[in-house]
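Listed below are the residues making up each chain.
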Number of protein chains: 2
Amino acid sequence: MNALVPFAAAGVGHDPGAVPTVLLALAFAIVCAKLAGELVERLGQPAVLGELIVGILAGNAALFGGPDLSALASSETLTVIAELGAVLLLFHVGLESTPKEMMAVGGRATLVAVVGVVTPMLLGFGVGELMRPRESWMLHAFLGAMLAATSVGITARVLKDADALRAPFARIILGAAVIDDVLGLVVLAVVAGIITAAGTGTAISAAAMAWIVAKALVFLIGALVVGSFISPRLFRGALALRSRGVVLALSLGFCFVLSYLALRAGLAPIVGAFAAGLVLEDVHFEGHVQRGEPPLHESLEPLTALLVPVFFIRMGMLVDLRSFASASVLGFAALLTLAAILGKLACGAVAPKGVSGLTLGLGMMPRGEVGLIFAGIGAQLVLAGRPVVDAGTYAGAVFMVVATTMLTPPLLLWSIRRT
Amino acid sequence: MNALVPFAAAGVGHDPGAVPTVLLALAFAIVCAKLAGELVERLGQPAVLGELIVGILAGNAALFGGPDLSALASSETLTVIAELGAVLLLFHVGLESTPKEMMAVGGRATLVAVVGVVTPMLLGFGVGELMRPRESWMLHAFLGAMLAATSVGITARVLKDADALRAPFARIILGAAVIDDVLGLVVLAVVAGIITAAGTGTAISAAAMAWIVAKALVFLIGALVVGSFISPRLFRGALALRSRGVVLALSLGFCFVLSYLALRAGLAPIVGAFAAGLVLEDVHFEGHVQRGEPPLHESLEPLTALLVPVFFIRMGMLVDLRSFASASVLGFAALLTLAAILGKLACGAVAPKGVSGLTLGLGMMPRGEVGLIFAGIGAQLVLAGRPVVDAGTYAGAVFMVVATTMLTPPLLLWSIRRT
């Protein structure tokens, strides 16, 4: 057989590199996700909470005398595999709706997204004024920006597991999350641009800002319009192919290409995957399914079963529990978290009739790794000789992300079941 | 949404790293594999040949004025994804047989493996005597060792696509390939040990050799015996779990753990995956399937559809067509290839009654990347101040690998259909 012989005895041989590590990590992820999910589901909690806890325990095993796995979570290969899991999850979620159905909630979703960006920004600014009164207003604005962006992975997973993807509130949340991604891009660009400009003495360029927004909008509209035009023709043409698995191959190809283009447009890859899911419709594959191909959502199930837990376990692994050790940080962290939660719950105020405002707000609440990315950018920005995000602020951001991410699954599921 | 914002405009932002590259590579792999497979199947050739050709064209695109993708094929992430594809393929192949059925052909498979290792070694030694008469006998022995190991991926794929996995000849080939992996380990250890000993003046250690073999055998026997004991109990116990997807999660976990242990035992990960497939039997999951779980082989189909083409396309990408440019190399390469082919066809001489000797020999023929790994090890070994495998010998080895790998799919399929 394929003898990748690690020939240690004579000191020569093939280095298997990351293969053994990834094999073990995947075995651990898929089995532990199943067991932890089962356990928390028996406690009435969503499975994804179990995966996050497994991740936190694994990532902080060194604190309990276990092995230090923190480097593993940030290894390139596991990052890519986790991101593929997120892409497939959002593709799967997107398949449950059509562009038309999303357009129908478009106005309301935009309203929800705007409220969900503006309110946390104002509250975050207020926290800055209150807790860091001697710092510049620009730093306070950055604190606000850190609270703005929603990470929809958690919510999408809870909605999917609760079989609620076709409910009106689910469409509004998902639509708002896409618009939120565009708004987050703008907010980060403007705030970071102002800070950079203040540091270097140059002016921020309105043209550069406009270009960022234009790219994102061109991608979103292009993906939906061009994609909707191409997709039925593509699959009708593919009926000429005789081999099995054509639907899965073309759909995944389409999903991966749109995810790639989203990245190139400055958006998250999962926004592209979601758009790809929206565009593809069961009716496009009807001819293939009649010939005996399995329906697309059935083929996707094993792929998401393997890869999605890797995403959520890795998200948990990135949490460093040691950053919560300092008591002085905790007051600031608690206030920041409160601002983050209230800011998104405010979305509920613009809920349409018949939709629970609480469910809407809770769905927009999780920040996932987005908040950490924002905080990381802030740590690189310098204002008056110091980083905009210092160690204490960073720890507060981590707390805010962990709290909003961990609170969402149980609260959202409770709120969905209540209504 | 999950705003992994590449905020290039202000020079800050999150580096998406390998994610965009892998997204594009996967889209390319799955779509091109389907199209090329369809094309070559219409020409009566096996789909895997199409994937290899796509890989060779992609890997050598720079020769035709295209982008240079050679670094991509050897990137860690793509290597791991490809190896996962090979692991899932051999797991799937192993599911078609049981340990009992493999034991039934065990004696014959051992005979086939021994003939398939000894004959190519003798012929390779002869090529060395003929073409490199002034070099040491140890170098000639290394040439022989390079021809010994079979890479079973290609054959397993052709057998699977031809729906022939349950035929007696298929079991003999697959069993022989496992034993071949152990023998290859021994041959490489002995030959490289002798050369290293000659270089450093130390003696090779019989104990070290025995340890290499013992580890491999302990793994193989342990995996089959312990695995067969654990597997039915594991799945019966798992009936207590209520969530869906338990069979897939536990099976993949089992497969990945055995692949990892195989690597640790000095064997290829796919040997572990094959053993895992042998051990698991449909009857173990009967209770789960009755509860509505999809059968395991159905859940594996989408996973192999995405990942297996990556393995074969990458195998093609690793071929550097420029190494065949020199005419002086081609004579040596042709003779080495002839020795490689005849050496494995000799296995046909020990075919049992009712099994085509030609099919058996052709099934053992492909060297895949194994030959290249051996050649790479030889390039690091030094004898009388020069590397055992110089540039010319390496190019010959590459030619031998490409020829045996590309010839196997069409010839094997033809031979299977003929009988």
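Note that the structure is predicted; figures quoted are calculated from it, not measured.

## Here's the deal with unusual backbone geometry
Thinking step 1. The backbone of aspartate 163 of chain A sits at a positive phi, close to 60°, despite the residue not being glycine.
Thinking step 2. Aspartate 163 of chain A gets classed as exposed once you look at its relative accessible area, which sits at 72%.

## Focus on the confidence of the model for chain A
Residue and element names in this part refer to chain A.
Thinking step 1. Taken as a whole, chain A shows an average pLDDT of 86; of its residues, 95% reach a score of 70 or greater.
Thinking step 2. Between residues 1-15, whose pLDDT stays under 50, and residues either more than four places distant or in other chains, the model counts 56 contacts.
Thinking step 3. The ipTM assigned to the predicted complex is 0.85, against a pTM of 0.87.

## Side note on the packing of helix H6 (residues 106-131) of chain B against helix H9 (residues 168-200) of chain B
Residues and elements named next belong to chain B.
Thinking step 1. It is at 8 Å that the axes of H6 and H9 come closest, and there the two elements cross at 50°. In terms of their interaxial angle, H6 and H9 are classed as oblique. Relative to H9, the crossing made by H6 is right-handed. Contacts between H6 and H9 involve Gly106, Arg108, Ala109, Thr110, Val112, Ala113, Val114, Val117 and Met121 from the first element and Ile172, Gly175, Ala176, Ile179, Asp180, Leu183 and Val187 from the second.
Thinking step 2. A breakdown of the residues in the contact of H6 with H9 according to their chemical character gives 11 nonpolar, 3 polar and 2 charged.

## Describing the pattern of salt bridges
Residue and element names in this part refer to chain A.
Thinking step 1. By the definition in use, this model includes 16 salt bridges over all chains.
Thinking step 2. The shortest N-O distance in the salt bridge between glutamate 38 and arginine 42 comes to 3.0 Å. Of the two residues, glutamate 38 and arginine 42 are both situated in helix H1 (residues 19-42); the distance of 4 residues between them amounts to about one turn of the helix.
Thinking step 3. For glutamate 38, a relative accessible area of 6% corresponds to the buried category.
Thinking step 4. Owing to a relative accessible area of 45%, arginine 42 belongs among the partly exposed residues under this scheme.

## Re the packing of aromatic side chains
Thinking step 1. Across all of its chains, the model carries 4 aromatic pairs over all chains by this definition.
Thinking step 2. Ring plane angle 70° and centroid distance 4.7 Å describe the contact between phenylalanine 235 of chain A and phenylalanine 285 of chain A, whose orientation is recorded as edge-to-face. With a gap of 50 residues between them, phenylalanine 235 of chain A in helix H10 (residues 206-238) and phenylalanine 285 of chain A in the loop between helix H12 (269-279) and helix H13 (286-290) connect regions that are remote in the sequence. Phenylalanine 285 of chain A shares its class with phenylalanine 235 of chain A; the two are buried.
Thinking step 3. The interplanar angle of 75° and the centroid separation of 5.1 Å between the aromatic rings of phenylalanine 311 of chain B and phenylalanine 312 of chain B together place this pair among those described as edge-to-face.
Thinking step 4. A relative accessible area of 3% means that phenylalanine 311 of chain B is categorised as buried.
Thinking step 5. Here phenylalanine 312 of chain B falls in the buried class, since its relative accessible area comes to 0%.
Thinking step 6. One residue, arginine 233 of chain A, lies across the ring of phenylalanine 229 of chain A, its end atom 4.0 Å from the ring centre.
Thinking step 7. Across the ring face of phenylalanine 332 of chain B, the terminal group of arginine 132 of chain B is positioned such that the distance to the ring centre comes to 4.2 Å.

Definitions and cut-offs
Residues numbered from 1 in each chain as written. Chains lettered and ligands numbered in written order. Predicted model: local features only at pLDDT ≥ 70, side-chain atom pairs only at ≥ 80, totals over all residues. Heavy atoms only, no water. Buried < 20%, exposed > 50% of the residue type's maximum accessible area, 1.4 Å probe, protein only. pLDDT = per-residue confidence, 0-100. Contact = heavy atoms within 4.5 Å. Axes fitted to C-alpha atoms, helices over the stretch in contact; angles between N-to-C directions. Helix = DSSP H or I, 4+ residues; strand = E, 2+ residues; numbered from the N terminus. Parallel < 35°, antiparallel > 145°, perpendicular 65-115°, else oblique. Left-handed = near helix turned anticlockwise from the far one by under 90°. Nonpolar A, V, L, I, M, F, W, Y, C, P; charged D, E, K, R; others polar. Salt bridge = Lys/Arg side-chain N within 4 Å of Asp/Glu carboxyl O. Phe/Tyr/Trp six-rings, centres within 6.5 Å; stacked < 30°, edge-to-face > 60°. Lys NZ or Arg CZ within 6 Å of the ring centre and 35° of its normal.

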